[in-house]
Amino acid sequence: MNFFKKLKGMDRNVWVRVIGETITSSAMMMLMPFFALYLEGKVDSMLKVGFIMSISPIASLFGSMAGGRLADLYGRKRMMVFSTLGTSLILVSFALAEGYTAFLILSILLGISNSFFSPAASAMVADVTEPEERTEAYGLLRVGSNVGTVIGPLLGSSVVYFSKDSLFYIAAITLGLYSIAQLILLKETLPAEKNNEGRNDVTKIPFKKVMKIIGSDKLLLFYVATGVIISMGFSQIEGMLPLYFKQTFQSQFGKWNPYPFLMSLNGMLVVLLQFPISSYLSNRSIGKTMFYGTILFGLGILSIGLAPPFFLSVGLGKWMILFLLAVIFIYYTFGEMVMSPVQMTFVANIAPEELRATYMAVGSMKWTIGGFLGPLLGGYLFDLKLGIWLFIILGTGVVLSGIMYRSLDEKVAIRDNQQGIAQ
């Protein structure tokens, strides 16, 4: 009963985002699992594929800080609508483009456009929730996103055989409709003093001073630094893994790739279990939660990389391989479900209210930096036929990052004590 009461009590803006995440994620996940395969047929090198995929996150480094700051000054809703509409137009352009240079430019624009959405959207959720409710709210958003992860790859595997270009058009139309829905349904949540008389005081804060505040926040920078390797792991599971399976399992599975099935399993588990897990973790230690979740996540990446050569060496059939891959994805997904919502809660909790979206932008830099480095490393190792080492390196790195989170609670306590003394 308490479970349904919490769901009912969520702010309308959260529900608009959940429904929007479900629909747009379905469309984008029709596209993303096949994006590297699509580019493989358009350019002449896997390193070029990796660079096209990695340049988008690095471009978002420049956009995210600007987007976060603008969301703190002029509102969350405006930045979200601008971002989704811009992304829609860029996806249409991808379907029409030809040549390495065109894809490179579009990837840069896609990174900048996307970077305006996340800081504003994450800050909006924090604006309408109390600190003890944020893990549950972010968990609910992951449920919506992963409904799309269940549906999208399965739809994409059907559509891709008829027309790869149509994947871009479907995703573009969906994002365009979502931008209209946000414009109509979302309420602006920028704190009242920023919207009215206090807004001029905020706009007077020089950008250099904002950067100085962020640069002096060692806890935030520690979080970003330890999270880069985690982001690199995510980027390979979502980007290069289908190519790894194609290279290693072609003799067992032929043209059929087990990746869409496994990602659908991942999404289904999140849909069924993410909110109960987030609810259970809402009052737990953030540092210990991130430690356990990240360790399990890292071991999952290691297992995913080591499994194909091991399965082939012992002569397993395709159905047994598929079953064991599903088992690996189950505990990989549990690590992801424990780790991800708490990370967003952590940044929201340590952020000053007047810089909440800016802090979200800085926190998201771990995803952009990792999203840049991951595909570059992946493309390089895949060109050398060393795909297994990609997952060994990243899986080990994620486990080491998780170990570093054991000290996070102590660092938060020291920071809170210092702030209390200063006041």
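Residues numbered from 1 in each chain as written. Predicted model: local features only at pLDDT ≥ 70, side-chain atom pairs only at ≥ 80, totals over all residues. Heavy atoms only, no water.

Draft legend 1. Spatial organisation of the overall build of the chain. If you tally the helices and strands in the chain, you get 21 helices and zero strands. Taking 22 Å as the expected radius of gyration for a compact globule of 423 residues, we find that the chain reaches 21 Å, a close match to that expectation. In terms of principal-axis extent, the alpha carbons of the chain reach across some 65 × 45 × 45 Å. Within the chain, the proportion of its 423 residues that are buried is 57%. Considering only contacts within the chain whose residues lie at least 6 apart along the sequence, 88% involve residues at least 24 apart. As displayed, the chain offers around 18100 Å² of accessible surface, 68% of which is attributable to carbon and sulfur atoms. (Helix = DSSP H or I, 4+ residues; strand = E, 2+ residues; numbered from the N terminus. Rg over C-alpha atoms; globule rule 2.2 N^0.38 Å. Buried < 20%, exposed > 50% of the residue type's maximum accessible area, 1.4 Å probe, protein only. Contact = heavy atoms within 4.5 Å. Areas by Shrake-Rupley, 256 points an atom, 1.4 Å probe, with all protein chains shown as cover.)

Draft legend 2. Representation of the nonpolar core within the structure. Ranked by size, the top nonpolar core spans 108 residues in total, and within it F94, I237, L241 and F329 carry the most contacts. The leading source of residues in this core is helix α17 (residues 318-350), at 14 residues. Beyond its immediate chain neighbours, meaning those up to four positions away, F94 contacts F35, Y38, F103, L106, S107, L110 and F168. In this structure, A71, A123, M124 and Y178 belong to the second largest nonpolar core, which totals 13 residues. (Core = buried A, V, L, I, M, F, W, Y, C linked by side-chain atoms within 4.5 Å.)

Draft legend 3. Geometry of the packing of helix α6 (residues 100-115) against helix α7 (residues 117-127). Relative orientation of the contacting elements α6 and α7 amounts to 15 degrees, with a least axis distance of 5 Å. Viewed along their axes, α6 and α7 adopt a mutual orientation that is roughly parallel. Contact residues: S113, N114 and S115 in α6; F117, S118 and P119 in α7. A class-by-class count of the residues in the contact of α6 with α7 yields two nonpolar, four polar and no charged. (Axes fitted to C-alpha atoms, helices over the stretch in contact; angles between N-to-C directions. Parallel < 35°, antiparallel > 145°, perpendicular 65-115°, else oblique. Nonpolar A, V, L, I, M, F, W, Y, C, P; charged D, E, K, R; others polar.)

Draft legend 4. The pattern of salt bridges, seen in detail. The final tally for this structure, using the stated rule, is four salt bridges. For D72, the salt bridge identified is with R76, shortest N-O distance 2.9 Å. Residue D72 is classed as buried on the basis of its relative accessible area of 1%. Linking D127 and R356 is a salt bridge whose minimum nitrogen-to-oxygen distance equals 2.8 Å. With D127 in helix α7 and R356 in helix α18 (residues 356-363), this pair connects stretches of sequence that are 229 residues apart. With relative accessibility at 21%, the residue D127 sits in the partly exposed group. According to the relative accessible area criterion, R356 is buried, its value standing at 9%. Here the salt bridges do not stand alone but share partners, grouping D72, R76, D127 and R356 into one network. (Salt bridge = Lys/Arg side-chain N within 4 Å of Asp/Glu carboxyl O.)

Draft legend 5. Expanded view of unusual backbone geometry. Despite not being glycine, K385 shows a phi value in the positive range, around 60 degrees. Relative accessible area serves as the criterion here: at 64%, K385 is assigned to the exposed category.

Draft legend 6. Fine view of the side chain of Q182. On the secondary structure map, Q182 appears in helix α9 (residues 165-185). Here Q182 falls in the buried class, since its relative accessible area comes to 0%. In contact with Q182, not counting residues within four places along its chain, are K77, M80, V81, T84 and F117.

Draft legend 7. Geometry of helix α14 (residues 241-253). Over its 13 residues, α14 extends only 15 Å from the first C-alpha to the last, a length that falls short of the 18 Å expected when each residue adds 1.5 Å. The largest bend along α14 reaches roughly 55 degrees and is located at Q247. Among all positions of α14, only L241, P242, L243, Y244, F245, T248, F249 and F253 are buried. Just past α14, the residue G254 takes up positive phi, approximately 65 degrees. (Expected span 1.5 Å × (residues − 1). Bend = angle between axes of the 7 residues up to and from the residue.)

Draft legend 8. Spotlight on helix α16 (residues 286-313). If you check α16, its first and last C-alpha atoms are 41 Å apart, about what 28 residues at 1.5 Å a residue would give, namely 40 Å. Taking the backbone nitrogen of K288 as reference, a side-chain oxygen 3.3 Å away marks S285 as the first, capping residue of α16. One or two steps after α16, the chain reaches G315, where phi turns positive at roughly 75 degrees. (Polar contact = N/O pair within 3.5 Å; in protein donor to acceptor, adjacent residues only side chain to side chain.)

Draft legend 9. Structural view of the packing of helix α2 (residues 12-31) against α7. As a packed pair, α2 and α7 sit with axes 9 Å apart at the nearest point and diverge in direction by 140 degrees. Viewed along their axes, α2 and α7 adopt a mutual orientation that is oblique. Note that α2 runs across α7; the crossing there is left-handed. On the side of α2, the interface is formed by N13, R17 and E21, while α7 contributes F117, A121, S122, M124 and V125. For the contact of α2 with α7, the class distribution of residues is four nonpolar, two polar and two charged. (Left-handed = near helix turned anticlockwise from the far one by under 90°.)

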